[in-house]
Amino acid sequence: MDDYRLWSEKHQMMEQILAKTKFSDPASDKKPLIISGPCSAETEEQVLDTALRLAKTGKVDVLRAGIWKPRTRPGSFEGIGVTGLPWLQKAKELTGLPLAVEVATAKQVEEALQHGVDILWIGARTTVNPFSVQEVADALKGVDTTVLIKNPINPDLELWIGAVERVRNSGITKIGLIHRGFSSYGNTEYRNAPMWHLPIEMKRRMPELPMICDPSHISGRRDILQEVSQEAVDLDYDGLMLESHIDPDKAWSDAKQQVTPERLAEILDGITWRHERTDKKEFNSALDKLRGQINQIDDEIMLLLGNRMKIAEKIGIYKKENNVTILQTNRWNEILQRGIAKGEKLGLTKDFILKYFDAVHLESINRQNRVMNEDK
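For the protein chain, the name recorded in an unreviewed UniProt entry is chorismate mutase, with Chitinophaga ginsengisoli as its organism.

Written as structure tokens, this is what we have:
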């Protein structure tokens, strides 16, 4: 019942947003939230044309546009500012779609709400700063609105959770999460590395909150938008935020990651939408059987790991008695090479093997360190 309650609460918020749109499909049991619009509002013509073409696709639930754009370096286009808010109001009137805008200060919150913005989101550069999040949260007290919170730029779940808690403490009850990837030194494949394990852990800790993926900021380029979107859907995300522009190559910001409204529709049509659960008895019976096998194997792995650590402690005793250091590089390299060779034959990736042995090695070192220093 607890799982169902959490699932119900999460989807209730999605339904409240979808209910405001013309294009939600009441017959569908899968209602992913689709948020789209230009990275930046540039001109009234650009905003209205994009909005009308997005609405025409029948696939977009919420219009978005950057009004204030925090940029990494000064001199870049930092948004049209409050001048663009009446353009969004007009787009809302013409399409019937609710509006979403990023805010980073109390004044921006006030101006967005005054212009009928339905959904506010806190950007990655703001989430990373508790002082800024608190300022936004204070401005939200007494307001009934929806707030989406992007992950912080750096991979820190505590900052993300802290932002949720600050907004929640202000009295906001309709809160969602946006995964837009994380800055990663040396990362080349993505603009922001997805690090899928982090939003998965966030979903585990806060299962009642809808999780939306922002493939545009993860990808940084058009050619992998559908691939990233599909992966998010396969991981049971509740929606997607994709940037769209009438002429992407001439966009004033983030041109490479934007697509036309028509291309957006093609991307969405190409996604296989999956379900978190099914009532098919045969499937559930087979799944339960396989999960039982996994549970048994996991129990065996834990038993083996426990025995391994007991042996590591015995080795620590011998090292202590003979004044030998805990870390021995040659032995560690031998373990890694042996593990990689055996693991790859079993279909395990090198990356997984290295992460596994790093974790096991760290625990072994901690055990031996305690043995070495237990009398001190």
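Moving on from the model shown.
## Notes on the sheet that holds strand S1 (residues 33-37)
Read once around its circumference, the closed barrel built from eight strands follows the order S1-S2-S3-S4-S5-S6-S7-S8, with strand pairing classed as parallel. In this sheet, neighbouring strand axes are inclined to one another by 30° on average, regardless of whether the strands run parallel or antiparallel. Across four bridges, the pairing between strand S3 (residues 99-103) and strand S4 (residues 119-122) is parallel. When the sheet's bridge partners are listed, Val101 is paired in S4 with Leu120. Across the face of the sheet, helix H4 (residues 106-114) comes into contact with S3 and S4 while running at roughly 165° to S3.

## Details of empty space enclosed by the protein
Evaluation of the coordinates by the stated rule reveals one cavity of 30 Å³ or more. Empty space within the largest cavity amounts to approximately 50 Å³. Lining the largest cavity are Gly37, Pro38, Val47, Thr50, Ala51, Leu54, Leu63, Arg64, Ala65, Leu88 and Ala91. Of all the elements in the fold, those that place two or more residues in the lining of the largest cavity are helix H2 (44-57), strand S2 (62-64) and helix H3 (85-95). Counted by class, the lining of the largest cavity contains eight nonpolar, two polar and one charged residues.

## What to know about the pairing of S3
Consecutive residues of a regular strand have side chains that alternate between opposite faces of the sheet. Taken across its five residues, S3 has five buried, putting it largely inside the fold. Going residue by residue along S3, you find Leu99, Val101 and Val103 tucked away on one face and Ala100 and Glu102 tucked away on the opposite face as well. Inspection of the sheet shows S2 paired to S3 by two bridges, in the parallel sense. Bridge pairing in S3 links Leu63 to Leu99. Between the parallel pair S3 and S4, the chain is carried across by H4, and the sense of this crossover is right-handed.

Definitions and limits used
Residues numbered from 1 in each chain as written. Predicted model: local features only at pLDDT ≥ 70, side-chain atom pairs only at ≥ 80, totals over all residues. Heavy atoms only, no water. Pairing = 2+ DSSP bridges. Helix = DSSP H or I, 4+ residues; strand = E, 2+ residues; numbered from the N terminus. Axes fitted to C-alpha atoms, helices over the stretch in contact; angles between N-to-C directions. Contact = heavy atoms within 4.5 Å. 1 Å grid on protein atoms, 1.4 Å probe; cavity = no way out; pocket = protein on both sides within 12 Å on 5 of 7 lines; lining within 4 Å. Points joined across faces, edges and corners; volume = space filled by probe spheres on them. Nonpolar A, V, L, I, M, F, W, Y, C, P; charged D, E, K, R; others polar. Buried < 20%, exposed > 50% of the residue type's maximum accessible area, 1.4 Å probe, protein only. Right-handed = clockwise from strand over helix to strand, strands pointing away.

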